[in-house]
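# Architecture and fold: a report
Here is how the chains run, residue by residue.
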Amino acid sequence: MNKFTLLLFFAAFFYSCDKDDNSAPQPYTPGEQPTANLPAYPVQRQNNYPIVLVHGMCGWGRDEMNGFYYWGGKGDIQTYLNTQGYTTYTASMGPLSSNWDRAVELYYNIVGGVVDYGAVHAMRHGHSRYGESYPGFYPKWNAANKVHFIGHSMGGPTPRLLIELLENGDEQEKAYIPGPHEAPTSDLFKGGKNNWVASHTTISGVHDGALPADFVGFHDNLMKMLIGMGAIGGIILEENAVYNFDLGQWGLQRQENESPKAYMERVFDKTAADDGSAARFWQSQDNCVYDLSVKASQMQNYWAKSSHNVYYASYSFNDMTEQPDGIWTPSDNMNPLLKPDGVGIGKTTLNLPLGYNKWRPCDGLVSVPSGQYPIGHDYILRDTIHRKLAPKGVWDVHPVIQGQDHISIITPDNKQSSTNWLNKFYLKIAKDLSCLPI
């Protein structure tokens, strides 16, 4: 695999409200829902719920990367949406963490407090029960004060898992009896928080797995990816890293006087297995590499159902061209850092859900089917002429957008996207969300 391949993780047109390896069990046969009797999509603003932007693997918060934003690069999608009247926040979770840990951190990003990953979960995976403390950017979050999620890449499955915990909790955490000196189970794991989330929209979300996560050598390229992403933003991470791995629960905090380069090397070291070493993290099933695999994604899709209290929508992207022999190849304008994986995905013959041919079109990282909906969940294919309102719990699958790759849809490359293009794209989504019924 090319040493820059995993940069990808850092990484239909516009409609406003104005107009196979099936090793994991499947709950039911996926099926497209009929649209003829659905109501038209609303055309007037009906809610003022804030938007929460949820980054993918290897993402970062607004106080990191020296002003080079995950959402917009040297532009700023959050600020732009705020100026247009759509209150928007940016969450920051562990860039290498599992969907569970990221979902819990997302919760505390919003409401504030010390992160409680759950006593049972922490014991099972061998890390601390507690993490960082967050001030909370929307502490009044509840059923009367909902939020909209917009997630890119791994920011697709992470909010889905959070919604599952909010509504149904976790049976093992609920059954845990704390000792005399232990805190009670976090309210997050008790469930009962229905209707806290108005909608969840995914941008190239990894619903069914990202094939590079199943490739040999995935871990070994991650640090090179981070360094490469810093270079895109004009930042030399080895010398002036403003970047947090948020792995304190694993004892992987940056030490006093530890250089950025030494810190990164320690986080990616798989050789030692003592307390506070990275080896235990990477050898566990509580990290991004495991969770983005096809098998793990299928299992999560079975457990984290689409809620009947939430509106769902997805945008998928294809930056590949089909050849006469059935192989798909990257477009000339695809980011060169994405092309090696694009080549591999475009000729895959793996035994995949829905068949490998459907997985070959991709954005350089996420195959089109994986970006559309969680396999086994209900969906509709959007009617581009007579737009319909998909029921809650049913994925509104937008037409595949051609000519954008996994990076250009969040960071302008001035070939396939620009700051102006991205601002308009996300503004259209914000308008759509504001038109959803309360």
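Reading the values: the criteria
Residues numbered from 1 in each chain as written. Predicted model: local features only at pLDDT ≥ 70, side-chain atom pairs only at ≥ 80, totals over all residues. Heavy atoms only, no water. Core = buried A, V, L, I, M, F, W, Y, C linked by side-chain atoms within 4.5 Å. Buried < 20%, exposed > 50% of the residue type's maximum accessible area, 1.4 Å probe, protein only. Helix = DSSP H or I, 4+ residues; strand = E, 2+ residues; numbered from the N terminus. Contact = heavy atoms within 4.5 Å. Pairing = 2+ DSSP bridges. Axes fitted to C-alpha atoms, helices over the stretch in contact; angles between N-to-C directions. pLDDT = per-residue confidence, 0-100. Salt bridge = Lys/Arg side-chain N within 4 Å of Asp/Glu carboxyl O. Parallel < 35°, antiparallel > 145°, perpendicular 65-115°, else oblique. Left-handed = near helix turned anticlockwise from the far one by under 90°. Nonpolar A, V, L, I, M, F, W, Y, C, P; charged D, E, K, R; others polar.

## Considerations on the nonpolar core
Counting 54 residues, the largest nonpolar core has Leu96, Ile150, Ile203, Phe245, Ile409, Phe425 and Tyr426 as the members making the most contacts within it. Those elements that provide at least two residues to this core are strand 1 (51-54), helix 1 (77-83), helix 8 (260-267), helix 9 (278-283), helix 10 (288-291), strand 7 (311-315) and helix 15 (419-434). With eight residues, the top contributor of residues to this core is helix 15. Excluding residues within four positions of it along the chain, isoleucine 409 makes contact with His152, Ile203, Phe317, Gln404, Trp421, Leu422, Phe425 and Tyr426. Within the second largest apolar cluster, 34 residues are counted, among which are Ala103, Tyr107, Tyr108 and Trp141.

## Quick word on the sheet that holds strand 5 (residues 147-152)
Pairing is parallel in the open sheet, where seven strands are placed in the order 2-1-5-6-7-12-11. Edge positions in the open sheet fall to strand 2 (88-90) and strand 11 (379-381), since each of these has one partner strand only. Taking each pair of neighbouring strands and ignoring which way they run, the sheet shows an average axis angle of 20°. Sheet topology places strand 6 (residues 197-203) next to strand 7; five bridges connect them, and they run parallel. Residue pairing across strands places threonine 201 opposite alanine 313, the latter belonging to strand 7. Taken strand by strand, helix 2 (residues 99-111) contacts strand 1 and strand 5, and its axis lies near 145° from that of strand 1. Strands in contact with helix 4 (residues 157-168) are strand 1, strand 5, strand 6, strand 7 and strand 12 (395-397); relative to strand 6, the strand with the most contacts, it is inclined by about 160°.

## As for the confidence of the model for the protein
Confidence in the prediction for the protein averages 88 pLDDT; 85% of positions are at 70 or higher. In this model residues 1-16 is a low-confidence stretch, pLDDT under 50, and it forms 80 contacts with partners more than four residues away in sequence or in other chains. With pLDDT under 50 throughout, residues 18-30 is counted as low confidence; its partners more than four residues away or in other chains account for 31 contacts.

## Focus on the pattern of salt bridges
What the rule picks out here adds up to seven salt bridges. The partner of aspartate 76 in a salt bridge is arginine 62, and the shortest N-O contact between them spans 2.9 Å. You can see aspartate 76 sitting in the loop between strand 1 and helix 1 and its partner arginine 62 sitting in the loop between strand 1 and helix 1, a full 14 residues away along the chain. For aspartate 76, a relative accessible area of 18% translates into the label buried. Classification of arginine 62 by relative accessible area gives partly exposed; the value is 28%. Across the pair arginine 387 and aspartate 396 runs a salt bridge, and its minimum N-O distance is 3.8 Å. On the accessibility criterion, arginine 387 (10% relative accessible area) is buried.

## Here we look at the packing of helix 2 against helix 4
Look at helix 2 against helix 4: their axes get within 8 Å of each other, and the N-to-C directions meet at 70°. It follows that helix 2 is roughly perpendicular to helix 4 by the angle criterion. Crossing of helix 2 over helix 4 shows right-handed handedness. Of helix 4, the residues touching helix 2 (which contributes Asn99, Trp100, Arg102, Ala103, Val104, Leu106 and Tyr107) are Pro157, Thr158, Pro159, Leu161, Leu162, Leu165 and Leu166. Here the residues of the contact of helix 2 with helix 4 are counted per class, giving eleven nonpolar, two polar and one charged.

## What about the pairing of strand 7?
Of all five residues making up strand 7, five are buried, and the element is well covered by its neighbours. The sheet contact formed by strand 7 and strand 12 spans three bridges and is parallel. By the bridge assignment, serine 314 is partnered in strand 12 with valine 397.

## Comments concerning the environment of isoleucine 163
Here isoleucine 163 lies in helix 4. Judged by its relative accessible area of 1%, isoleucine 163 falls in the buried class. Residues isoleucine 163 and alanine 103, 60 residues apart in the sequence, show an inter-C-alpha distance of 8.7 Å. Apart from residues lying up to four places away in sequence, isoleucine 163 is in contact with Val197, His200, Ser307, Val310 and Tyr312.

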